[in-house]
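Structural overview
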Amino acid sequence: MADNNHSHFQHLYFVLNGIPGLEQKYYWMAFPLGAIYAIALFGNGVIFSTIKSELSLHIPMYYFLCMLALADMGLSLCTAPSMLGIFWFNYKFITFDACLVQMYFIHTFSAIESGVLVAMAFDRVVAIWNPLRYSTILTNGVVCRTGAVILIRSVCVVFPVPFLIKRLPFYGSNILSHSFCLHQDVMHLACASTRVNSLYGLIAVIFTKGSDSLSILLSYVFILRTVMAIASREGRLKALNTCVSHICAVLIFYVPLIGVSVIHRFGKHLSPLTHVLMANAYLLVPPVLNPIVYTVKTKEIRRKIIQIFVQTKITAEG
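Bear in mind the structure is a predicted one, so any value in this text is a computation, not a measurement.

**Here's the deal with the overall build of the protein**
Broken down by element type, the protein carries 13 helices and 2 strands. Per-residue burial over the protein gives 46% buried out of 318 residues. The long-range fraction of contacts in the protein, counting pairs at least 24 apart against all pairs at least 6 apart in sequence, stands at 81%. Of the charged side chains in the protein, 23 are positive and 12 negative, and the gap between their average positions amounts to 7 Å.

Following this line, the structure appears as structure tokens:
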């Protein structure tokens, strides 16, 4: 009878966590954290506006970069309210439904970013393998359809996750491990079997990030074979140089992801601090570093940032 009464019971709210052991320093940590979010939003916003305004950047490579910037901005906006609320105002509560919404958008934008990285890899394959037909293969229509497929796949794959969590009873602990809601973190607080959630989560990860990482790997195997067939050393270096930014973006996204997965699976003996820092790095590092990488490699974006700073200085002095 007790089990029946608890079968549909859910907490009104969850309690989020900051960084274990550093509670007394939250206020001071809030300033660098705020700076990280400001850099992420400003940098990705500049990339989006530059690509939109510069006609010379209206090519598939930069259209995909624009999608990556939007995904990074979305990911930052998903986590910023709860993280800044903890570190600035020591407000750790999030309602059950708000937690599900945040969870959905975090996993959706993460899946979108993974899909965009695959599209960017295919873009590099076409550009190196058949540069003369680059514009006829990757037309604006193909780019738009690719973006739509990435979006639809991410939305549909993650869509069942909140409902799978919603069906579970929660009448034990309501304290989460992170400053935001993740599926595996919330799932572990359930007071019932989570086998369906675990199985679907595994299928979703394999279908998105698993297949995406394999596709990127195979793309670069093909790229390397194509580059090695180029006769001149200068030609090989020039071709590989066009891939540097994308390789950095892939490493920035997948290295923290792999780290989080390995620690989650094999790092039960590690301190909670390690788990929290790795999860924070997974969600905070890509939106911050991607704009820096592409700013260094793209003169139009560098010029746009310089113009913004000059205009800001003139306005401040005036």
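Text resumes after the structure shown.
**Details of the UniProt feature "transmembrane region" (unreviewed entry) in the protein**
Summarizing the sequence annotation, UniProt attributes the feature "transmembrane region" (unreviewed entry) to residues 26-49, 61-89, 101-122, 142-165, 213-231, 243-264 and 276-296 in the numbering used throughout. Here residues 101-122 runs as 100% helix and 0% strand, with 32 Å between its end C-alpha atoms.

**A word on the pattern of salt bridges**
Here the structure, examined in full by the defined rule, presents 4 salt bridges. Among the ionic pairs, Arg303 bridges to Glu54, the shortest N-O distance being 3.7 Å. With Arg303 in helix H13 (residues 299-317) and Glu54 in the loop between helix H2 (26-53) and helix H3 (60-89), the pair connects residues that are 249 residues apart, well separated along the chain. Under the relative-accessibility criterion, Glu54 is labelled partly exposed at 24%.

**Section: the state of the cysteines**
Taken as a whole, this structure holds 1 disulfide when the rule is applied. You can see Cys144 has no disulfide; the closest cysteine sulfur is in Cys66, sitting 11 Å from it. No disulfide involves Cys243; its sulfur sits 11 Å from the nearest other cysteine sulfur, which is in Cys248.

**Focus on the packing of helix H4 (residues 96-129) against helix H6 (residues 140-158)**
Where H4 meets H6, the axes come as close as 9 Å, and the angle between the chain directions of the two elements is 145°. Every pair of crossing elements has a handedness; the one defined by H4 and H6 is right-handed. Contact with H4, carried on its side by Tyr104, His107, Thr108, Ala111, Ile112, Gly115, Val116 and Ala119, involves Thr146, Ile150, Leu151, Arg153, Ser154, Val155 and Val158 of H6 and no other residues of that element. Grouping the amino acids of the contact of H4 with H6 by side-chain chemistry returns 9 nonpolar, 5 polar and 1 charged.

**Structural notes on the nonpolar core**
Judged by nonpolar contacts, the single largest core of 79 residues is most densely connected at Phe14, Leu65, Leu117, Ile165, Phe170 and Val186. Discounting chain neighbours no more than four positions away, the residues touching Phe14 are Lys92, Phe93, Ile94, Phe96, Cys99, Phe170, Asn174, Leu176, Val186 and Leu189.

**Description of unusual backbone geometry**
Phi is positive for Asn90, close to 55°, though the residue is something other than glycine. By secondary structure assignment, the location of Asn90 is in the loop between H3 and strand S2 (93-95). For Asn90, a relative accessible area of 52% translates into the label exposed.

**A few points about the packing of aromatic side chains**
Each aromatic ring pair is summarised here by two numbers: the centre-to-centre distance and the angle between the ring planes. Scanning the model with the defined rule gives 13 aromatic pairs in all. Centre to centre, the rings of Trp88 and Phe89 are 6.4 Å apart; their planes meet at 75°, and the pair counts as edge-to-face. Judged by its relative accessible area of 36%, Trp88 falls in the partly exposed class. Centre to centre, the rings of Tyr104 and Phe105 are 5.3 Å apart; their planes meet at 80°, and the pair counts as edge-to-face. Joined through ring pairs, the aromatic side chains of Tyr13, Tyr91 and Phe93 make up one cluster.

**Here we look at helix H9 (residues 195-228)**
For H9, spanning 34 residues, the distance from its first C-alpha to its last is 47 Å, which sits close to the expected 50 Å at 1.5 Å a residue. Ile206 marks where H9 bends most, by close to 35°. Of all the residues in H9, the buried ones are Asn197, Gly201, Ala204, Thr208, Lys209, Asp212, Ile216, Ser219, Tyr220, Ile223, Thr226 and Val227.

**Quick word on a nonpolar patch on the surface**
Together, Leu12, Tyr13, Tyr27, Trp28, Phe31, Trp88, Phe89, Tyr91 and Phe93 line one region of the surface with nonpolar side chains, adding up to about 1,100 Å² of accessible area. For the nonpolar patch, the secondary structure elements donating two or more residues are H2 and H3. Among the elements that make up the nonpolar patch, the one with the highest residue count is H2 (3 residues). Relative to the elements of secondary structure, Tyr91 occurs in the loop between H3 and S2.

**Thoughts on the packing of H2 against H13**
Remark: H2 packs on H13, axes separated minimally by 9 Å, with the N-to-C direction vectors making an angle of 110°. Taken together, the axis directions place H2 and H13 in an arrangement best described as roughly perpendicular. Crossing hand, H2 versus H13: right-handed. Residues Phe42, Val46, Ile47, Ser49, Thr50 and Ser53 of H2 lie in contact with H13, whose contacting residues are Glu300, Ile301, Lys304, Ile305 and Ile308. Residue classes in the contact of H2 with H13 are distributed as 6 nonpolar, 3 polar and 2 charged.

**Section: the environment of His107**
Residue position: His107 is located in helix H4. Separated by 51 residues in the primary sequence, His107 and Val158 have C-alpha atoms spaced 6.7 Å apart. Sequence-distant contacts of His107, that is, excluding residues within four places in its chain, are made with Val158, Leu182, His183 and Gln184.

Conventions adopted
- Residues numbered from 1 in each chain as written.
- Predicted model: local features only at pLDDT ≥ 70, side-chain atom pairs only at ≥ 80, totals over all residues.
- Heavy atoms only, no water.
- Helix = DSSP H or I, 4+ residues; strand = E, 2+ residues; numbered from the N terminus.
- Buried < 20%, exposed > 50% of the residue type's maximum accessible area, 1.4 Å probe, protein only.
- Contact = heavy atoms within 4.5 Å.
- Lys, Arg positive; Asp, Glu negative; His and termini not counted.
- Charge placed at Lys NZ, Arg CZ, Asp CG, Glu CD.
- UniProt positions renumbered as here; feature names shortened; annotations may be inferred.
- Salt bridge = Lys/Arg side-chain N within 4 Å of Asp/Glu carboxyl O.
- Disulfide = S-S within 2.5 Å.
- Axes fitted to C-alpha atoms, helices over the stretch in contact; angles between N-to-C directions.
- Left-handed = near helix turned anticlockwise from the far one by under 90°.
- Nonpolar A, V, L, I, M, F, W, Y, C, P; charged D, E, K, R; others polar.
- Core = buried A, V, L, I, M, F, W, Y, C linked by side-chain atoms within 4.5 Å.
- Phe/Tyr/Trp six-rings, centres within 6.5 Å; stacked < 30°, edge-to-face > 60°.
- Expected span 1.5 Å × (residues − 1).
- Bend = angle between axes of the 7 residues up to and from the residue.
- Patch = residues over 30% accessible without salt bridge, like charges linked within 9 Å, V, L, I, M, F, W, Y side chains within 5 Å.
- Areas by Shrake-Rupley, 256 points an atom, 1.4 Å probe, with all protein chains shown as cover.
- Parallel < 35°, antiparallel > 145°, perpendicular 65-115°, else oblique.

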